[in-house]
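Letter by letter, the chains look like this.
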Amino acid sequence: MRYVLTFAFLAAACVVQAQKKVVNEEINITKEREVSVPKATKLTEKIPQVPSTVKEKKMNYSFFDRKPTGVEEVNFNPNVISPQDNKAAKKDDILGFDNYLKLGAGNYGRLFGELYLNTPQDRNLVYGINAMHNSASKGPIEGKLSGQSNSKVGIYGKYHQNTYEVKLDAGYENKIYHFYGFDTTANFNYTKADLRQRLNMFNFGATLENTRPKPIVDYKLTTGVNTLNNAFDASELDWATSLRMFFPLYEDKIKAAINAEAYVTHMSDNLVENPDRKRNLFRIEPAFNFDFGSFSAHLGFKVLSQSDPTVNAASSKGYPSVTLTYKTPAMVYIFGGYDGDIVRNTMRSMLLENPWLTESFAIQNTYKNKDIFLGARGELYNGISFNVKGSYGTYQDLYYFDQFDGTPFSPLGSPLNVTKFDAVYEDKHTDFFNASFEVGYSGNEIWRPVFKLDYNYYEKGKFEKPYHRPAVNARWGNTITLTDRLVSSLDFYYIGGIFARNLEPFGDKPYVKLNDIVDLNAEFTYLFTDHLAGFIKLNNIIGKNYQRYYNYHQMGINFLAGINIAL
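On a predicted model such as this, the values are computed, not experimentally measured, just so you know. (Residues numbered from 1 in each chain as written. Predicted model: local features only at pLDDT ≥ 70, side-chain atom pairs only at ≥ 80, totals over all residues. Heavy atoms only, no water.)

## So, the overall build of the protein
Logical step 1: Looking only at helices and strands, one finds 3 helices and 26 strands in the protein.
Logical step 2: Intrachain contacts of the protein at a sequence separation of at least 6 include 64% that bridge at least 24 residues. (Helix = DSSP H or I, 4+ residues; strand = E, 2+ residues; numbered from the N terminus. Contact = heavy atoms within 4.5 Å.)

Okay, here's the thing in structure tokens:
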């Protein structure tokens, strides 16, 4: 079934949103496994913060970690929430719109629009709609042959009572991009239809959660469906359900917990063997949580069962899950533990990570057989927060993105001479090491920086290098507020240690190292009135047409300018 979305959004206003602190304990090595239902397109509710009196002036930071692809710009924006004093409260009234419209345009034929409409947030029943369109008619290679488009629309609703809360959301997203990784000096006479890839994604989710204080049983039940189909008649339906329950045993100091998840996935593509397949995964973890003030612990055991015809096997695994945390008198948390799991890989997750995958690629889950971690988080001085963590462990069936050796085809069935990728898996056990460091400063209202660094090492197996898995990721974001009317940000992005297989027949090495990615972005927002603002975004100021994936150069310097209107 093919779905077509035709809508134009003339939309948007500048929003500075509330975000989480830098001291998040969870840092994942490859890609994070979400216990809840997979989020389809970030079309979740957008409910503004209710102004309240805050005694301490603290700043919350959150990284907007996007992998640079040809479908989206590289954006790394540490958004901030100002302390609720008079000046900042006024600024929050200007930027924290319940309902807003945002319009923008730029080079490369860029058109942008965003719209949020919400009912008043002080009612038991809250609902709203949001929509976004972001397109560039031209790209870095051969003009319109490398254009891109992303459009989405979503609705949500929430009903709140004293004892429970119900949430519903649904959405649709359409992504269009092109396989422009080819030799532009050759005369291939490709058309946009020859190179086009299209992703249609629908999602629906529902959540029932307890809101009764100090309940006998605390619970949260979530279920949802994500669907995907593309231009090559590949499709996937992913139904996920999760249940979290907590049982207080001794005041708030000891609790029993049960986390249960079920994933039922049906997918179809042009794979010669098993073109239609069902992939299921079930996970349950009984656990005990202890909290004795300065010492807390999580002791659990995960039991997982999966069936996957791709590997012609049904298997069950068990992993202990232990986290010990000590809180010092200076409010610094030192934690360590042991964990294991199965990391779900789906058609949707892989296409969103690498949009230039071939029309039919292998999909199987990854075993994280061992993960030993140690770290610390807290606030060093007034306004300086940090999070540091190191992990060592073992993966099985870890995937890389390698160049596809077969003949790629267009959606119309004609052969192409373009670069596409395949998902390849390391059969052997792969030892890994990850070190992550994050620090943010919020003691100054004019300048608020945040810095994060990740280093990853993967043991060599049957592949010479961990193809297209970066060794280093660094992000340095700065939010600068010189006046009540002017807010700006300057963000630095670095990715290094990316390798691809060498396709040159007489190459000295079987692999080639891609140039390091150095990206600098800036954004300026000027508030004309309490309900009207103008903005300018500058992306890839350094102007390098870097490659995140082999043979796919990214846009050089590009800009977006527009206005924000409160509705």
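## Topic: unusual backbone geometry
Logical step 1: Unusually for a residue other than glycine, glutamate 251 sits at a positive phi of about 50°.
Logical step 2: Looking at the secondary structure, you find glutamate 251 in the loop between strand S8 (235-250) and strand S9 (254-268).
Logical step 3: The backbone of histidine 468 sits at a positive phi, close to 65°, despite the residue not being glycine.
Logical step 4: For histidine 468, the location among the structural elements is in the loop between strand S17 (447-458) and strand S18 (472-481).
Logical step 5: Exposure remark for histidine 468: the relative accessible area of 2% places this residue in the buried category. (Buried < 20%, exposed > 50% of the residue type's maximum accessible area, 1.4 Å probe, protein only.)

## A short note on the packing of aromatic side chains
Note on aromatic pairs: each is described by the distance of the centres and the angle between the planes.
Logical step 1: Per the stated rule, a full pass over the model turns up 24 aromatic pairs.
Logical step 2: A network of ring pairs unites the aromatic residues Tyr177, Tyr180, Trp356, Tyr399, Phe401, Phe421, Tyr425, Tyr549 and Tyr552 as a single cluster.
Logical step 3: Note that lysine 102 overlies the ring of phenylalanine 535, its terminal NZ or CZ placed 4.7 Å from the centroid. (Phe/Tyr/Trp six-rings, centres within 6.5 Å; stacked < 30°, edge-to-face > 60°. Lys NZ or Arg CZ within 6 Å of the ring centre and 35° of its normal.)

## Quick word on the pairing of strand S11 (residues 295-308)
Logical step 1: Direction of pairing for strand S10 (residues 276-291) relative to S11: antiparallel, over a ladder of 10 bridges. When the bridges of S11 are listed, asparagine 289 appears paired with histidine 298.
Logical step 2: Adjacent in sequence and paired antiparallel, S10 and S11 are bridged by 3 residues, among which glycine 293 carries a positive phi angle near 85°.
Logical step 3: With 14 bridges connecting them, S11 and strand S12 (residues 313-327) associate as antiparallel partners. Within S12, the position partnered with lysine 302 by the bridge is tyrosine 319. (Pairing = 2+ DSSP bridges.)

## Topic: the side chain of aspartate 397
Logical step 1: One can find aspartate 397 in strand S15 (residues 384-403).
Logical step 2: Of the side chains with opposite charge, lysine 462 lies nearest to the buried aspartate 397, which makes no salt bridge, at 8.1 Å. (Lys, Arg positive; Asp, Glu negative; His and termini not counted. Salt bridge = Lys/Arg side-chain N within 4 Å of Asp/Glu carboxyl O.)

## Thoughts on the nonpolar core
Logical step 1: Formed by 39 residues in total, the largest nonpolar core has its most connected members in Met347, Met350, Trp356 and Phe361.
Logical step 2: By size, the runner-up hydrophobic cluster in this structure holds 10 residues, among which are Tyr395, Leu398, Tyr400 and Tyr467. (Core = buried A, V, L, I, M, F, W, Y, C linked by side-chain atoms within 4.5 Å.)

## Things to note about a nonpolar patch on the surface
Logical step 1: Taken together, the side chains of Leu125, Tyr127, Tyr159, Tyr164, Leu208, Leu221 and Leu243 present a nonpolar region at the surface, about 580 Å² in accessible area.
Logical step 2: By secondary structure assignment, the location of tyrosine 164 is in strand S5 (residues 164-178).
Logical step 3: Classification of tyrosine 164 by relative accessible area gives partly exposed; the value is 30%. (Patch = residues over 30% accessible without salt bridge, like charges linked within 9 Å, V, L, I, M, F, W, Y side chains within 5 Å. Areas by Shrake-Rupley, 256 points an atom, 1.4 Å probe, with all protein chains shown as cover.)

## Concerning the confidence of the model for the protein
Logical step 1: Of all residues in the protein, 82% attain a pLDDT of 70 or more, and the chain-wide mean is 84.
Logical step 2: Contacts for the low-pLDDT stretch residues 1-95, under 50 throughout, to residues beyond four places or in other chains number 288 contacts. (pLDDT = per-residue confidence, 0-100.)

## So, the environment of phenylalanine 421
Logical step 1: Looking at the element boundaries, phenylalanine 421 is found in strand S16 (residues 421-441).
Logical step 2: The exposure class of phenylalanine 421 is buried, given its relative accessible area of 0%.
Logical step 3: Along the primary structure phenylalanine 421 and glutamine 403 are separated by 18 residues, whereas in three dimensions their C-alpha atoms are 4.4 Å apart.
Logical step 4: For phenylalanine 421, the residues in contact, after removing those within four places along its chain, are Asn354, Trp356, Leu357, Thr358, Phe401, Asp402, Gln403, Phe404, His468, Tyr549, Tyr550 and Tyr552.

## Considering the pattern of salt bridges
Side chains bearing opposite charge may pair, as long as their charged atoms lie close to each other.
Logical step 1: Following the criterion strictly, the structure yields 18 salt bridges and no others.
Logical step 2: Where aspartate 454 meets lysine 452, a salt bridge forms, and the shortest distance between an N and an O atom there is 4.0 Å. For the pair shown, aspartate 454 and lysine 452 are each scored as buried.
Logical step 3: Close ionic contact of aspartate 454 with arginine 475 constitutes a salt bridge, the shortest N to O distance being 3.4 Å.

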